[in-house]
Amino acid sequence: MTSWLEIPEGTDFPIQNLPYGVAEHRGRTGVVVAIGDQVVDLAALAAAGTFPDVPPGTFDRDSLDRFMALGRPVWRSVRSRLTDLLATGNDPRRRRQVEAALIPMDDVTMRRPIQVGDYVDFFSSIHHATNVGRLFRPDAEPLLPNWRHLPVGYHGRSGTIVVDGTPIGRPSGQRLDPTTGRPTFGPTDALDFELEVGFVTGTGNVAGRPIPVDEAERHIFGLVLVNDWSARDLQAWESRPLGPFLGKSFATTISPWIVPLDALAPFRVPAPPQDPEPLPHLRPRQRLALDIRLEVEIVPAGAAAGTVVTRTGFADMYWTMDQQLAHATSNGATVRPGDLFASGTVSGPTPDSLGCLLELTEAGRRPLRLADGTERRYLHDGDTVVMRGWCGRGSSRIGFGSCRGTVVASSSRT
Ligand code: MN
């Protein structure tokens with residue numbers, strides 16, 4: 001399928017994608033869909049009567065939460081209506097209706113597309129969990145006994161989830177000084193990124209009613225890229241015996257576009273087998289993964305070019321999104337529209353496919369050399385971390401846009 005709009009070659013946003021975001025344009029903020037290098041203002045289309053099953057005011061607001069709460073039948077009807085309007089061969093009168101709602105992407109400012117009531121971060125890559133286990137517990141079995149039985153996770157801080165492009169202030173905190181054996185307080189010396197993919201829930205559940213693993217997808221609206229920024233020195237000192245706290249809560253960046261699960265359907269692949277088989281509530285009839293390619297680039301301040309430091313894929317995550325959502329509600333806890341569930345660091349089996357500097361540099365022991373000749377154990381002030389993700393290739397490629405953040409010194413926080 002093609003669009004009558006001119007779509008730039010190699011775009012993340014062909015007609016097959018149609019991801020949702022929230023954009024500000026001339027002082028107005030509302031829900032938009034990306035196509036090529038433009039956005040479609042859904043509030044303008046809705047005002048023209050395009051979406052009969054969407055209540056007034058759904059798109060004329062600063063988050064997608066109200067739309068996501070309407071459920072999959074409405075998401076599908078809006079997506080199919082947009083596809084009709086944008087596809088080659090449509091009625092020229094409708095084309096004029098769309099043209100009135102188009103805005104060049106360069107003219108809008110993307111905002112955080114969801115409010116994020118609750119945020120969970122999992123730990124679902126077996127390569128990442130094994131590598132981190134080896135680094136932190138060199139003399140023990142790298143995977144703890146629970147790891148293959150449930151998708152390990154923790155509740156994170158939703159209030160500090162920021163959108164692509166937001167500067168990241170270097171956090172301060174307590175860390176152990178290995179020479180004195182005492183803690184000190186100051187800016188982290190071990191600021192890291194974590195390459196992750198997150199899913200956003202649309203419709204929630206009723207308290208006390210877990211979401212069955214085979215129904216989980218009904219609740220998933222779409223996916224975003226996630227950078228779970230981490231201060232490793234703070235994390236190492238604070239997180240025994242409980243989990244991550246201030247080493248993670250200072251900032252988490254998401255990409256501005258939520259790619260609908262329906263757009264990702266052609267890229268489903270079988271998930272890797274699990275051994276041992278999980279308990280029945282985490283055992284779906286079919287275990288499917290998504291074949292998303294991922295990469296991370298570090299661009300130092302003032303550098304002419306960045307360096308891609310990792311290339312990996314989402315398809316071999318040990319725990320799938322369905323299992324994660326079933327697990328997260330198996331005690332009766334509720335999820336709500338706009339909750340974010342991040343995958344945990346996505347690492348592959350090879351040294352060039354690891355999803356964070358902790359693994360890439362073996363906890364700082366083996367620095368990476370960047371294209372400009374400088375070395376990195378962890379991130380420097382001025383470094384920009386750019387994450388990208390896409391499915392397919394050639395004319396079938398759809399992408400997530402970018403998930404960027406520049407590290408700024410604690411004193412120059414904006
Ligand atoms: Mn993480």
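As the structure is a computational prediction, the values presented were derived from the model and not from experiment.

So, about the sheet that holds strand β25 (residues 384-391). With respect to topology, five strands assemble into an open sheet ordered β9-β26-β25-β20-β21, the strand pairing being mixed. Looking at which strands have only one partner, the edges of the open sheet turn out to be β9 (168-169) and β21 (307-313). The pairing of strand β20 (residues 293-299) with β25 spans seven bridges and is classified as antiparallel. Across the sheet, the residue bridging to L294 is G389, located in β25.

As a further point, take the domain arrangement of the protein chain. Segmenting the protein chain into domains produces domain 1 (20-111) and domain 2 (119-408). Each of domain 1 and domain 2 has a C-alpha centre, and the two are 30 Å apart. With 20 residues of domain 1 at the contact, the number on the domain 2 side is 19 residues. Taking both sides of the interface into account, the surface hidden between domain 1 and domain 2 amounts to around 1500 Å²; carbon and sulfur atoms contribute 67%. The largest contributions to the domain 1 side of the interface with domain 2 come from Y20, M68 and R72, which together make up 41% of the buried area.

We now examine the coordination of the manganese ion. Of the protein atoms, only D121 (OD), E194 (OE), E196 (OE) and D228 (OD) coordinate the manganese ion, at distances of 2.1 to 2.2 Å. Motif for the manganese ion, donor spacing along one chain: D-x72-E-x1-E-x31-D. Pair noted here: D121 is in strand β6 (residues 119-122) and E196 is in strand β13 (residues 195-201), with a separation of 75 residues, a long-range link. Under the relative-accessibility criterion, D121 is labelled buried at 2%.

Quick look at the environment of V386 now. Here V386 is to be found in strand β25. Sequence spacing of V386 and A236 is 150 residues, and the spatial spacing of their C-alpha atoms is 25 Å. Aside from chain neighbours lying at most four places away, what touches V386 is E295, V296, E297, V299, S402, C403 and R404.

Within this model, the largest pocket holds a volume of roughly 830 Å³. Among the elements of the structure, β6, α5 (126-136), β7 (153-155) and α6 (232-238) are those that each provide at least two residues to the lining of the largest pocket. Per-element accounting of the lining of the largest pocket gives the leading share, five residues, to α5. For the lining of the largest pocket, the residue count by class is 16 nonpolar, nine polar and seven charged.

Rules of the game
- Residues numbered from 1 in each chain as written.
- Predicted model: local features only at pLDDT ≥ 70, side-chain atom pairs only at ≥ 80, totals over all residues.
- Heavy atoms only, no water.
- Pairing = 2+ DSSP bridges.
- Helix = DSSP H or I, 4+ residues; strand = E, 2+ residues; numbered from the N terminus.
- Domains from an automatic or database assignment.
- Contact = heavy atoms within 4.5 Å.
- Buried area = accessible area lost by both parts, 1.4 Å probe.
- Donors = N, O, S within 2.8 Å, 3.2 Å for Na, K, Ca; no water.
- Buried < 20%, exposed > 50% of the residue type's maximum accessible area, 1.4 Å probe, protein only.
- 1 Å grid on protein atoms, 1.4 Å probe; cavity = no way out; pocket = protein on both sides within 12 Å on 5 of 7 lines; lining within 4 Å.
- Points joined across faces, edges and corners; volume = space filled by probe spheres on them.
- Nonpolar A, V, L, I, M, F, W, Y, C, P; charged D, E, K, R; others polar.

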